[in-house]
Structure formats: C-alpha cells, structure tokens
Amino acid sequence: MSTKRELLRDPVRGKIAGVCAGLSDYFNMELWLVRIITVSAFILTGGSFVFVIYIAAWFILDKKPRNAHGKTDTSLHEDPLEVKFKVWQKGEPPRRALQDLKDRLGRVDTRLQEIERYVTSTEFTVSREINKL
C-alpha cells in the first residue's frame, strides 16, 4: 500500500516561500536540515544557481492546501504519529511519541468511561423507553 506523494511548497511552515518546507515533507527530512543544505549550497556554489532554482521552484510548485495543516476535530481524527529512527528523519523522537500515545489512550479511556457511565444510567433507560413508544 503506497501513498502517492506530491512535491508542494508549504508557505505556512516556510520562512520565505515554503520551498524548503515542501522539500522537507517530500523527502521526509527535518526542516532545519533542508534549510542548512540549501544555505550551504547557496554559499558553496556562488549563489546564482541555487537562487535561480529556488525562485523557479517558488513559481512552479503549487501551494499545499490549507486543510492539510489543521485538524477539524482533534478528538476523533488525529494525525498518525511519525516516529523517527534517524536524526535527519522527520517525526517525533520515540520518547515523545510514546508520551503522545499515552495521552491519546488516556483521552480514549476517559471518553469510554463517559459512554459507559451514560449507558448504565437511569437517564439512558428512560430515554430508551420513551423512544420505544
């Protein structure tokens, strides 16, 4: 099961036009590393070649849609955790990912307790009997 990735610029996370942020998403690398590589290439090549490519990418690449950044309902639809295994990979360190999973499971457990409390209450029984009429 492969997911098709698109190279899009991300102006929300970007500093200038979001080209480095888009490359970061596409290659699954940390944003700071892509910026360092870009600045290093700019300095080492004299700047003109990298500058022209950056400007061209700015105009050629489409913007990432806004709804891809935000979550509409955090309680039901959360983004999957991405755990990084190498320093340069994008994602969360394993310790923080484990803490996030613990928090999510805590919220699910609380919600399940609320549902169980409602189903076993007399309010639910009365409501069910009224609906049967």
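Values in this document were obtained by computation on a predicted structure and should not be read as measured data. (Residues numbered from 1 in each chain as written. Predicted model: local features only at pLDDT ≥ 70, side-chain atom pairs only at ≥ 80, totals over all residues. Heavy atoms only, no water.)

**A closer look at the environment of isoleucine 16**
The condition that has to hold: Each helix is a run of H or I in the DSSP string that is no shorter than four residues. Each strand is a run of E no shorter than two, and both are numbered from the N terminus. Two residues qualify as a contact provided that any one of their heavy atoms is within 4.5 Å of a heavy atom in the partner residue.
Locating isoleucine 16 in the fold gives a position in the segment before helix H1 (19-27). Between the C-alpha atoms of isoleucine 16 and tryptophan 58, which are 42 residues apart in sequence, the distance is 9.3 Å. Not counting the four nearest positions on each side in its chain, isoleucine 16 is found in contact with Tyr54 and Trp58.

**Quick notes on the confidence of the model for the protein**
Put simply, the test is: pLDDT is a per-residue confidence score from the predictor, ranging from 0 to 100.
Mean pLDDT over the protein works out to 81, with 79% of the residues at or above the 70 mark. Counting contacts from residues 69-76, a segment whose pLDDT is below 50, to residues more than four positions away or on other chains yields six contacts.

**Remarks on the layout of surface pockets**
Note the following rule: Both cavities and pockets are sets of points on a 1 Å grid over the protein atoms alone; in a cavity a 1.4 Å probe fits but cannot get out, in a pocket the set is open with protein on both sides within 12 Å along at least five of seven lines, and lining residues sit with an atom within 4 Å of a point. Grid points are joined across faces, edges and corners, and a volume is the space filled by probe spheres set on the points. Amino acid classes used here: Ala, Val, Leu, Ile, Met, Phe, Trp, Tyr, Cys and Pro are nonpolar; Asp, Glu, Lys and Arg are charged; the rest, including Gly, are polar.
In this model, the second largest pocket occupies a volume close to 300 Å³. In this structure, the second largest pocket is lined by 17 residues; those nearest its centre are Ile16, Cys20, Thr38, Val39 and Tyr54. Residue assignment for the lining of the second largest pocket shows that the elements contributing at least two residues are H1, helix H2 (31-44) and helix H3 (48-60). Per element, the largest residue contribution to the lining of the second largest pocket is five residues, and it comes from H3. Within the lining of the second largest pocket, the residues separate by chemical class into twelve nonpolar, three polar and two charged.

**Details of the pattern of salt bridges**
Basically, it comes down to this: Salt bridges are counted wherever a side-chain nitrogen of Lys or Arg sits within 4 Å of a carboxyl oxygen of Asp or Glu.
Scanning the entire structure with this criterion turns up five salt bridges. A salt bridge links glutamate 129 to lysine 132, with the nearest nitrogen and oxygen atoms 3.8 Å apart. Of this pair, glutamate 129 and lysine 132 both sit in helix H5 (residues 122-132), three residues apart, which is roughly one turn of the helix. In the salt-bridge network here, residues are joined through shared partners; they are Asp10, Arg13, Asp25 and Lys64.

**So, the nonpolar core**
Cut-off, in case you're wondering: The criterion is simple. A nonpolar core is a set of buried Ala, Val, Leu, Ile, Met, Phe, Trp, Tyr and Cys residues joined through side-chain atoms within 4.5 Å. For every residue, the accessible area (1.4 Å probe, protein chains only) is compared with the maximum for its type, and the residue is labelled buried under 20%, exposed over 50%, or partly exposed between those bounds.
Listed in full, the eleven residues of the largest apolar core are Ala17, Val19, Cys20, Ala21, Met29, Leu31, Leu33, Val34, Tyr54, Ala57 and Leu61. Looking at this core, the elements that each hand over two or more residues are H1, H2 and H3. Setting aside anything within four residues of it in sequence, one finds leucine 61 in contact with Leu7 and Arg9.

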